[in-house]
Amino acid sequence: MNSDKIGLMGGTFNPIHYGHLVAAEEARHQFNLDQVIFIPSGYPPHRTPRSVIPAEDRYIMTALAIATNPYFNISRIEIERPGPSYTIDTVRAFREMYPDSQLFFITGLDAILEILTWRDPYELVKLAHFIAVTRPGYNAECLKNLDREILDNVSLLEIPGYAISSTLIRERVAQGKPIRYMVPEPVEAYIRKHGLYRQ
Ligand code: NAP
């Protein structure tokens, strides 16, 4: 399928939660995207392997979470590519697969603030427009260290009530607290069934 405007939703998704889903849906609506493809990282280059559960579990939970949205799809591209999951490799691959489409890379503002430490950031922002998801009360000061070449290719997307984080979910599971209504039910069931994030 060759869509005109494709959102690439990159993240560790450790685990996926309603904040991610609301963000993807809002990005789809505001930027008029034809589809949003979730791309769980295989081996996130900026993290120690021990802090992240296996990619296959994160992939399955993401697939469960998006199953009912006809505009959402998922890709195994980063899971199947050996070595660290550099976003530039992913975006180049999508550019080749969809040469005529406009690409949008959606991720958290905190992640984008570090973009100058990523591989080939200037090429990256030429290949895809970046949508930085942020929480209410965001202040433009945060972006002051990024130069014009990057900033011209980054849009902010403020998500109301986006206070849930993967860290919060992991901590709550470890403390035996409920995560119902923070993640889709099948994701909660998967976490319980496989005893994920207990410590
Ligand atoms: P992160 O540091 O875990 O996330 C930073 C913040 O953004 C967190 O608050 C996170 O919330 C939020 N977030 C992450 N993905 C999001 C999304 N798609 N929509 C809304 N909020 C999101 O960042 P990460 O998830 O590991 O990495 C984000 C993306 O950047 C991934 O695709 C990763 O591969 C890419 N990246 C690439 C490089 C590189 O190429 N060298 C380096 C770093 C990151 P939660 O914790 O709740 O998710």
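One can find the structure itself at the top, above this paragraph.
Residue indices follow the written sequence of each chain, beginning from 1 at its first position. With pLDDT at 70 or above as the cut-off, local features in this predicted model cover only qualifying residues; side-chain atom pairs require 80 or more to be listed or tallied, and sums for whole chains, interfaces and linings still use all residues. Working from all heavy atoms in the structure, the side-chain values ignore hydrogens and water.

**So, unusual backbone geometry**
Most peptide bonds take the trans configuration, and most residues that are not glycine carry a negative phi.
Next, step 1: The peptide bond linking Asn14 to Pro15 adopts the cis configuration, its omega dihedral lying at 0°.
Next, step 2: Despite not being glycine, Asn32 has its phi angle at roughly 55°, a positive value.
Next, step 3: Checked against the element boundaries, Asn32 lands in the loop between helix 1 (18-30) and strand 2 (35-40).
Next, step 4: For the exposure calls, accessible area comes from a 1.4 Å probe over protein chains only, and a residue counts as buried if that area is under 20% of its type's maximum, exposed if over 50%, partly exposed in between. Judged by its relative accessible area of 59%, Asn32 falls in the exposed class.
Next, step 5: Phi is positive for Tyr181, which is not a glycine, with a value near 75°.
Next, step 6: Within the fold, Tyr181 resides in the loop between helix 8 (166-174) and helix 9 (185-193).
Next, step 7: Judged by its relative accessible area of 67%, Tyr181 falls in the exposed class. The helix count covers DSSP runs of H or I at least four residues long, the strand count covers runs of E at least two residues long, and both are numbered beginning at the N terminus.

**Quick look at the pattern of salt bridges**
Next, step 1: Should a side-chain nitrogen of Lys or Arg be within 4 Å of a carboxyl oxygen of Asp or Glu, the pair is scored as a salt bridge. In total, this model carries nine salt bridges according to the counting rule given.
Next, step 2: Residue Glu25 pairs with Arg28 through a salt bridge whose shortest N-O separation is 3.0 Å. Taken together, the positions of Glu25 and Arg28, both in helix 1 and three residues apart, correspond to about one turn of that helix.
Next, step 3: On the basis of relative accessible area, Arg28 is assigned to the buried category, the value being 16%.
Next, step 4: The shortest N-O distance in the salt bridge between Asp120 and Arg92 comes to 3.0 Å. Taken together, the positions of Asp120 in the loop between helix 5 (109-113) and helix 6 (121-127) and Arg92 in helix 4 (residues 87-97) put the pair 28 residues apart, joining distant regions of the chain.
Next, step 5: Ionic contacts of the salt-bridge type, sharing partners, join the residues Asp89, Arg92, Asp120 and Glu123 into one network.

**Regarding the layout of surface pockets**
Next, step 1: In the cavity and pocket records, a cavity denotes points on a 1 Å grid over the protein atoms alone where a 1.4 Å probe fits but cannot get out, a pocket denotes an open set with protein on both sides within 12 Å along at least 5 of 7 lines, and lining residues are residues with an atom within 4 Å of a point. Grid points are joined across faces, edges and corners, and a volume is the space filled by probe spheres set on the points. Computed from the structure, the largest pocket encloses a volume of approximately 1000 Å³.
Next, step 2: When residues of the lining of the largest pocket are traced back to their parent elements, those giving at least two are strand 1 (5-11), helix 1, helix 4, strand 4 (102-108), helix 5 and helix 8.
Next, step 3: Residues were grouped as follows: Ala, Val, Leu, Ile, Met, Phe, Trp, Tyr, Cys and Pro as nonpolar; Asp, Glu, Lys and Arg as charged; and all remaining residues, including Gly, as polar. Its residues placed into classes, the lining of the largest pocket shows 16 nonpolar, 17 polar and seven charged.

**Some remarks on the side chain of Ser166**
Next, step 1: Looking at the secondary structure, you find Ser166 in helix 8.
Next, step 2: Residue Ser166 is classed as buried on the basis of its relative accessible area, which comes to 13%.
Next, step 3: Only heavy atoms enter the contact rule, under which two residues are in contact if any of them lie within 4.5 Å. Setting aside its immediate chain neighbours within four residues, Ser166 contacts Asn14, Pro15, His17 and His20.

By themselves, these observations are geometric and do not establish any function.
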